[in-house]
Amino acid sequence: MENNMKIRGVNLGNWLVLEKWMSPALFEGTKAEDEDALCRELPRQELIERLTAHRDSYITREDFIYISERGLNMVRIPVPHFIFGDDPVYCEPYVPCIEYLDRAFDWAGETGLQILIDLHTAPESQNGFDNGGICGVCKWAQSPERIDRVLKVLGMLAERYKSHPALWGIQLLNEPISEPLWQMIRSRYLPQDPERAAGSSFVPLEVLYDFYTRGYHMLRSILPPDKKIVFHDGFRFEVWDTFFREAGFENVVLDAHWYLGMGQPDEDTDELSYMNAILKEDVKKLKRMEAVVPVIIGEWCLSHNLKPGREYSALEKQLSYRLIGDAQLMAWESASGYFFWSYKLLSQPEGWDFRKCVEKGWLPDNLEKGLTFP
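Not measured: the values here are computed from a predicted model.

If you tally the helices and strands in the chain, you get 13 helices and 8 strands. Taken over the C-alpha trace, the chain has a radius of gyration of 20 Å; the compact-globule value for 374 residues is 21 Å, and the two agree within 12%. With the principal axes as the frame, the chain shows a C-alpha extent of 55 × 50 × 45 Å. The buried share among the 374 residues of the chain stands at 58%. Just so you have it, the chain exposes about 15,600 Å², and 51% of that area is on carbon and sulfur atoms. On the chain, the mean spot of the 41 positive side-chain charges and the mean spot of the 58 negative ones are 2 Å from each other.

Written out as structure tokens, the structure is:
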């Protein structure tokens, strides 16, 4: 597969890193809102049985076949920091899952897909999100020992898969949070244990620069030169221009997660015009950054807010989703590629996972062919 191919990918979210909203049945009978709480609340044997059943069925070889047949060429696989189960200090009470990533590489080899390994969580969390493992807790960046632990896990992943032809790259860490976003989400992701969350804060940029620099040199010393090393922008997209110009890194990629549907069009603006105005500016930003470093839109989706106070027919809703999917796909052509979030959802029968979006005609039946709808 070409080193500089256009990436058309999908995330395998909620498989090895849990998000309750994506599979609420997995949390039934508990008060847990995140994976950390679930692992602490359930009896050990029940936890193992529940997670084994989930991991065995949520993503299978048949899913890799389906993804390949849709014209995608890559999957981004979120993995937890405890994936190896090698250190009780950091890996208990969690359930390791490295054998499932091994399976994914086997299936990718069979189907011709490439894999981006995305380290999605860190000890005591890098963002306080549910997808960071522990709601309301964000203390990873405050501990040199925890930072070193993440580097160790990244090195273990690199050593294990460095020679596998399906490995496209490794992402150093998913969504280390910025100060403005940390202030915004604190009331949304409440900690189950406020005492544990005490002292939580955002990830300072100087800490992130240092971690990324150390992580790059460590991974580059292990990985073959054709494997990518991916950096999330930490919700600070504009600051990376100078960093990458001066760093002298080779074969690196910047990852941005742009969920455009979180805002609300006003009464005088339809949702497509609202989204297109945002996308127009995003394309400008992408083109500027692409002149310095390749960019992927590592997460995006079709969820969006319809115009308030208006009744939509089924046909109008269908057209709205289809046009907004089309608009984003065209915008992301200014980047080096994209990964849709996410492949599968169990929480919303009428929701926005990749398979349903294809089945409903909101996304093309074959992404390799571009914007040709069935």
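Anyway, onward from the coordinates.
Turning to the packing of aromatic side chains, a few remarks are in order. Under the defined criterion, the tally for this structure stands at 30 aromatic pairs. Ring geometry for W300 and W332: centres 6.3 Å apart, planes at 70°, overall edge-to-face. Of this pair, W300 sits in strand β7 (residues 295-300) while W332 sits in helix α12 (residues 314-332), placing them 32 residues apart in sequence. The ring of Y66 is capped by R70, whose NZ or CZ atom sits 4.5 Å from the centre of that ring. The ring of W258 carries the charged tip of K285 above its face, separated from the ring centre by 4.9 Å.

The next subject is the packing of helix α6 (residues 144-161) against helix α9 (residues 205-222). In helix packing, the relevant descriptors are the interaxial angle and the interaxial distance, both defined with respect to the helix axes. Running from N to C, α6 and α9 point in directions that differ by 25°, and their axes come no closer than 10 Å. Between α6 and α9, the angle is such that the two are roughly parallel. Crossing handedness for the pair α6 and α9: right-handed. For the pair α6 and α9, the contacting residues are I147, D148, V150, L151, L154, G155, A158 and E159 in the first and V207, F211, R214, G215, M218, L219 and I222 in the second. Classifying every residue of the contact of α6 with α9 by side-chain character gives 10 nonpolar, 2 polar and 3 charged.

Note on pairing: side chains with opposite charge can pair once their charged atoms come close. The final tally for this structure, using the stated rule, is 23 salt bridges. Note that D36 is salt-bridged to R196, the shortest N-O span being 2.7 Å. One end of the pair, D36, is in helix α1 (residues 35-41); the other, R196, is in helix α8 (residues 194-197), and 160 residues separate them in sequence. The same class applies to D36 and to R196, which are both buried. R214 is the partner of D148 in a salt bridge, and the nearest nitrogen-oxygen pair spans 2.6 Å. Of this pair, D148 sits in helix α6 while R214 sits in helix α9, and the two are 66 residues apart along the sequence. Residue R214 is classed as partly exposed on the basis of its relative accessible area, which comes to 35%. One network of salt bridges, with partners in common, ties together D36, R40, E124 and R196.

So, on to the side chain of H81. Mapped onto the elements of the fold, H81 is located in the loop between β2 (74-79) and α4 (88-91). With residues near it in sequence (within four places) discarded, H81 still touches Y90, Y94, L119, T121, A122, P123, R149 and V153.

A few words on the sheet that holds strand β6 (residues 252-257). With parallel pairing, the 8 strands of this closed barrel are ordered in space as β1-β2-β3-β4-β5-β6-β7-β8. Across the sheet, the mean angle separating the axes of adjacent strands is 25° when strand polarity is ignored. With 4 bridges connecting them, β6 and β7 associate as parallel partners. Its bridge partner lying in β7, L254 is registered against V295.

Basis of the calculations
- Residues numbered from 1 in each chain as written.
- Predicted model: local features only at pLDDT ≥ 70, side-chain atom pairs only at ≥ 80, totals over all residues.
- Heavy atoms only, no water.
- Helix = DSSP H or I, 4+ residues; strand = E, 2+ residues; numbered from the N terminus.
- Rg over C-alpha atoms; globule rule 2.2 N^0.38 Å.
- Buried < 20%, exposed > 50% of the residue type's maximum accessible area, 1.4 Å probe, protein only.
- Areas by Shrake-Rupley, 256 points an atom, 1.4 Å probe, with all protein chains shown as cover.
- Lys, Arg positive; Asp, Glu negative; His and termini not counted.
- Charge placed at Lys NZ, Arg CZ, Asp CG, Glu CD.
- Phe/Tyr/Trp six-rings, centres within 6.5 Å; stacked < 30°, edge-to-face > 60°.
- Lys NZ or Arg CZ within 6 Å of the ring centre and 35° of its normal.
- Axes fitted to C-alpha atoms, helices over the stretch in contact; angles between N-to-C directions.
- Parallel < 35°, antiparallel > 145°, perpendicular 65-115°, else oblique.
- Left-handed = near helix turned anticlockwise from the far one by under 90°.
- Contact = heavy atoms within 4.5 Å.
- Nonpolar A, V, L, I, M, F, W, Y, C, P; charged D, E, K, R; others polar.
- Salt bridge = Lys/Arg side-chain N within 4 Å of Asp/Glu carboxyl O.
- Pairing = 2+ DSSP bridges.

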